[in-house]
Amino acid sequence: MFVTPAFAQETPAEGQLHTETGVAHDEAHGGGVFPPFDFSTYPSQLLWLVITFSVFYMLMQKVIVPRVGGILENRHDRIAQDLDEAARLKSEADAAIETYERELTAAKAKAGQIASAARDASKAKADAERASIETELSAKIAAAESRIADIKARAFAEVDTIAIDTVGTIVEELIGAKSTAADIKAAVSGVAKQGA
């Protein structure tokens with residue numbers, strides 16, 4: 001249980017100081033009407049209300065509203081400038097992108113032309129080298145065919161001689177007698193005509 005101290009229980013006499021608040025104790029303090037609701041003070045309250053309202057209205061009209069209006073106008077101008085700057089930068093960026101795309105297309109076309117020219121040049125070079133090699137091979141083939149024809153002609157020219165010598169040797173071995181060169185030549189020529 002809470003015990004109230006002795007000094008708080010005493011009620012001070014009129015005119016004495018209240019120990020807790022340090023304010024003089026007045027018996028008439030608790031009676032009467034709340035001042036704003038006192039009808040006898042209405043005219044003065046209305047007068048001060050009109051004066052205060054007028055002062056605040058003039059203060060608002062002359063000081064606060066122009067400052068706020070100026071701030072709003074400055075912000076509006078700044079926003080408009082920022083929007084104009086953004087539009088200008090966007091148009092510059094669009095122009096730069098368009099230029100980049102145009103240059104990229106031109107570079108691709110030029111690269112295609114360079115590749116086509118290189119391909120055509122290498123094809124022409126390969127064709128020229130192939131034609132040169134074919135000409136060289138044709139010349140070698142013609143020379144080889146000429147040599148083969150010469151060897152063949154010599155071989156055929158010597159075939160008769162070899163055939164005559166071989167037939168003479170075979171006849172001599174088989175019969176034991178030696179035949180004349182004219183008889184052997186006639187026999188070989190006769191067999192060659194029958195084979196042809």
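Criteria and thresholds
- Residues numbered from 1 in each chain as written.
- Predicted model: local features only at pLDDT ≥ 70, side-chain atom pairs only at ≥ 80, totals over all residues.
- Heavy atoms only, no water.
- Helix = DSSP H or I, 4+ residues; strand = E, 2+ residues; numbered from the N terminus.
- Buried < 20%, exposed > 50% of the residue type's maximum accessible area, 1.4 Å probe, protein only.
- Areas by Shrake-Rupley, 256 points an atom, 1.4 Å probe, with all protein chains shown as cover.
- Bend = angle between axes of the 7 residues up to and from the residue.
- Salt bridge = Lys/Arg side-chain N within 4 Å of Asp/Glu carboxyl O.
- Phe/Tyr/Trp six-rings, centres within 6.5 Å; stacked < 30°, edge-to-face > 60°.
- pLDDT = per-residue confidence, 0-100.
- Patch = residues over 30% accessible without salt bridge, like charges linked within 9 Å, V, L, I, M, F, W, Y side chains within 5 Å.

A few points about the overall build of the protein chain
Then step 1. Each helix and strand counted, the protein chain has three helices and zero strands in total.
Then step 2. Listed N to C, the secondary structure of the protein chain is α-α-α in terms of helices and strands.
Then step 3. Looking at the protein chain as a whole, 3% of its 196 residues are labelled buried.
Then step 4. Per element, the accessible surface of the protein chain, about 17,100 Å² overall, is 64% carbon and sulfur.

Concerning helix 2 (residues 42-175)
Then step 1. Of all the bends found along helix 2, the most pronounced is centred on Met60 and spans about 45°.
Then step 2. With its phi angle positive at about 90°, Gly176 sits one or two positions after the end of helix 2.

Concerning the pattern of salt bridges
One side chain can pair with another of opposite charge once the charged atoms of both are near each other.
Then step 1. Across all of its chains, the model carries six salt bridges by this definition.
Then step 2. The shortest N-O distance in the salt bridge between Glu92 and Arg88 comes to 2.5 Å. Residue Glu92 and its partner Arg88 are both found in helix 2; the two are separated by four residues, about one turn of the helix.
Then step 3. Its salt-bridge partner being Arg130, residue Asp127 comes within 3.5 Å of it at the nearest N-O pair.

Some thoughts on the packing of aromatic side chains
Then step 1. All chains considered together, the criterion is met by three aromatic pairs.
Then step 2. Centroid distance Phe39 to Tyr42: 5.3 Å. Interplanar angle 85°. Geometry classified as edge-to-face.

Re the confidence of the model for the protein chain
Any region with low pLDDT has predicted coordinates that should not be read closely.
Then step 1. In this model, the protein chain carries a mean pLDDT of 82, and residues with pLDDT of at least 70 account for 83%.
Then step 2. Looking at the elements of the protein chain, mean pLDDT is at its lowest for helix 1 (residues 6-9), recorded as 52, and at its highest for helix 2, recorded as 90.

A few points about a nonpolar patch on the surface
Then step 1. Among the surface-exposed residues, Phe56, Leu59, Met60, Val63, Ile64, Val65, Val68 and Leu72 lie close enough to one another that they form a single nonpolar patch of about 680 Å² accessible area.
Then step 2. By the secondary structure assignment, Val65 is in helix 2.

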